[in-house]
Amino acid sequence: MQLEVLISKFQQKDEKAFTELYRMYGDSMQGVIYNIVRDHAIAEEVMQDVFIKAWNNANSYSAEKGRFFTWILNIARNAAIDKTRSKAFKNSRKNLDAEYFVDILQHSDSLDDQTDAIGIKKFVSQLAKKCIEVIELLYFQGFTQKEASETLDMPIGTIKTRNRNCIKELRTIVLK
Amino acid sequence: MDINAYIASGILELYVAGALSENENKEVYQLMREHPEILQEVLDIEAAVVKLTAAASNNKNAGLLQTIKDKLTFNTSEADTKVISIAKPKYNWLTYTGWAAAIIIGAGLFWTLNQNKELESNLNTAEIENAFLEEQIANSRTKLADSKKLLDFLRDKDIISVPLGGQGEFANTYAKVYWNKKDNSIYLDAQGLPEAPSGKVYQVWSLKLNPLTPTSLGTIDDFNTDDNKIFAIANANESEAFGITLEPEGGSETPTMEQLYTLGVVAAPAP
């Protein structure tokens, strides 16, 4: 089914469309959320919030504003970050280390089951620190280019080209 | 526009990341529609990022989709309309007759309760009337007994009847004494006397005529309040006449002759 059609049906509260979109983006959102909260139970809680929110606010999405993936990615990142700011979360996880997504990939057992696992594991192990940082900030944390530029203390132009090269490298590994 | 240069700038990677401004997003969207190469580039970037981010998931969320679905209400429109169309006729006669029955029963109950209340109130009134009548009967019985007693007294053969005539300016007054010499008592019938003015009382006198000697038989203190104006008075005297005067309250030692209302002489007993 065409993505546009799928999204249109999703916006008309079609259960099958919802299931399909979940199948397409569920794992991705779970990865982003888990990377932020670093707790399986909390990640599941946030996942529920995210997809229920997406369902209830489906009509606020329009293709003009961006990709559907990007739209739901934003919801997921915001929900996860909100969670880390909650009092209960702070009390239970006071010493949350500033880790990058690569730690999860390097220590994940379930990754072995996936088709692209070996490639991704290889990718992240080979990935230069500059790639890890920029991917973490732009995709996993949702920084704007300006925020990323300030955080990494480099010009926006450099951020753009570096990110472009890192993703290009990723594509050669996962999209064959 | 140099499409390749545009792609190479890295803006599309930021577009997928959601790191662009609203205007930049609109611009990319327009270009995607015009240039299939740009759209394809975006799709590839997106696919790679989806795979990378998915790799970071713990990938153990098999039951999660169902959990989420349970919390959502899906628009399964066919089933909904069917349920409504089946349910509607069911509603009609059963519901309405049910309500009608409930209203009728309710109204009936209300009427019965009201009726019961009214009957109770009637019963109450009847009971009060009954008690009142019983009291009247009791009173009447007492009065009847009194009357019988009086009648028996008057019919006694030993009774001497003495009419007392009005005197002087009280000529229009009268009284009667029924004297039973045997038990030394008199009944005074004083119906012919006016009510005693306040501060004054009637005093009854037994008289001896030769010489004229009055003996007080007492005052009638309850004259004004008495119903039948018949008074029982003890009299142990050999009376030759009876008189009634009006005296100041408490009575007098001797009769005030100016206030002599009635006087009657006892007729000589028949031989």
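Per an unreviewed UniProt entry, the recorded name for chain B is Anti-sigma factor, and the organism is Gelidibacter pelagius.

Chain A is annotated in an unreviewed UniProt entry as Sigma-70 family RNA polymerase sigma factor of Gelidibacter pelagius. In the Sequence similarities (unreviewed entry) part of its UniProt record, chain A is described as follows: "Belongs to the sigma-70 factor family. ECF subfamily."

S.K.: What's the story with the overall build of chain B in this structure? I'm lost.
M.R.: The secondary structure content of chain B amounts to six helices and eight strands. Each helix and strand of chain B, placed in order from N terminus to C terminus, yields the pattern α-α-α-α-α-α-β-β-β-β-β-β-β-β. Burial analysis of chain B (271 residues in total) assigns 32% to the buried set. Partitioning the contacts of chain B with sequence separation of at least 6, the portion at a separation of at least 24 is 59%. Accessible area for chain B stands at about 17200 Å²; split by element, carbon and sulfur atoms hold 56% of it.

S.K.: Any chance you could explain the state of the cysteines here in plain terms?
M.R.: Every disulfide links exactly two cysteines, by a covalent bond between their sulfur atoms. Residue and element names in this part refer to chain A. Going through the model one piece at a time under the given rule, you end up with one disulfide over all chains. Paired by a disulfide, cysteine 131 and cysteine 166 hold their sulfur atoms 1.8 Å apart. The S-S bond linking cysteine 131 to cysteine 166 shows a torsion near -90°; that makes this disulfide left-handed. Linking cysteine 131 in helix H8 (residues 129-140) with cysteine 166 in helix H10 (residues 156-174), this pair joins segments that are 35 residues apart in sequence. Comparing cysteine 131 with cysteine 166 shows no difference in burial state: the two are buried.

S.K.: What is the right way to look at the interface of chain B and chain A in this model?
M.R.: The extent of an interface is frequently quoted as the accessible surface area lost upon association of the parts. Residue-level contacts link 49 residues of chain B with 55 residues of chain A. Carbon and sulfur atoms make up 63% of the surface buried where chain B meets chain A, a total of about 4900 Å² over both sides. With its nearest N and O atoms 2.6 Å apart, the salt bridge here joins arginine 67 of chain A to glutamate 46 of chain B. Here chain B is connected to chain A by 13 residue pairs in polar contact (both at pLDDT 80 or more). Counting only elements with at least two residues in the side of chain B that touches chain A, the list comes to helix H1 (3-8), helix H2 (11-17), helix H3 (22-34), helix H4 (36-55) and helix H5 (64-71) of chain B. For the side of chain B that touches chain A, the element with the most residues is H4 of chain B, which contributes 16 residues.

S.K.: Is there a simple way to think about the nonpolar core in this case?
M.R.: Burial of nonpolar side chains together is a common tendency in soluble globular proteins. Core analysis: the largest hydrophobic core is formed by 87 residues, its most contacted members being Phe10, Met29, Ile33, Ile135 and Tyr139 of chain A. Residue contributions to this core peak at 11 residues, all from helix H2 (residues 15-37) of chain A. Among all residues touching tyrosine 139 of chain A, those that are not within four sequence positions of it are Leu73, Arg77, Asn163 and Ile167 of chain A together with Glu13, Leu14, Val16, Ala17, Ile45 and Val49 of chain B. One finds Val162, Ala175, Tyr202 and Tyr261 of chain B within the second-largest nonpolar core, a separate group that totals 23 residues.

S.K.: Explain the side chain of asparagine 180 of chain B to me, please; I cannot follow it from the model alone.
M.R.: All names here are of chain B. Within the secondary structure layout, asparagine 180 lies in strand E2 (residues 174-180). A polar contact is formed between the side chain of asparagine 180 and the backbone nitrogen of lysine 182, at a distance of 3.0 Å. Beyond its immediate sequence surroundings of up to four residues, asparagine 180 is in contact with Phe153, Asp156, Asp158, Ile159 and Ser185.

S.K.: I'm lost on the pattern of salt bridges in this one. Help?
M.R.: Two side chains of opposite charge can pair, provided their charged atoms sit close to one another. For the structure on display, the rule yields 10 salt bridges over all chains. Close ionic contact of arginine 164 of chain A with glutamate 41 of chain B constitutes a salt bridge, the shortest N to O distance being 2.6 Å. With arginine 164 of chain A in helix H10 and glutamate 41 of chain B in helix H4, the pair connects residues from two separate chains. We classify arginine 164 of chain A as buried; its relative accessible area is 9%. Among the charged side chains, a network of salt bridges with common partners joins Arg164 and Arg171 of chain A together with Glu13, Glu41 and Asp44 of chain B.

Definitions and cut-offs
Residues numbered from 1 in each chain as written. Chains lettered and ligands numbered in written order. Predicted model: local features only at pLDDT ≥ 70, side-chain atom pairs only at ≥ 80, totals over all residues. Heavy atoms only, no water. UniProt positions renumbered as here; feature names shortened; annotations may be inferred. Helix = DSSP H or I, 4+ residues; strand = E, 2+ residues; numbered from the N terminus. Buried < 20%, exposed > 50% of the residue type's maximum accessible area, 1.4 Å probe, protein only. Contact = heavy atoms within 4.5 Å. Areas by Shrake-Rupley, 256 points an atom, 1.4 Å probe, with all protein chains shown as cover. Disulfide = S-S within 2.5 Å. Buried area = accessible area lost by both parts, 1.4 Å probe. Salt bridge = Lys/Arg side-chain N within 4 Å of Asp/Glu carboxyl O. Polar contact = N/O pair within 3.5 Å; in protein donor to acceptor, adjacent residues only side chain to side chain. Core = buried A, V, L, I, M, F, W, Y, C linked by side-chain atoms within 4.5 Å.

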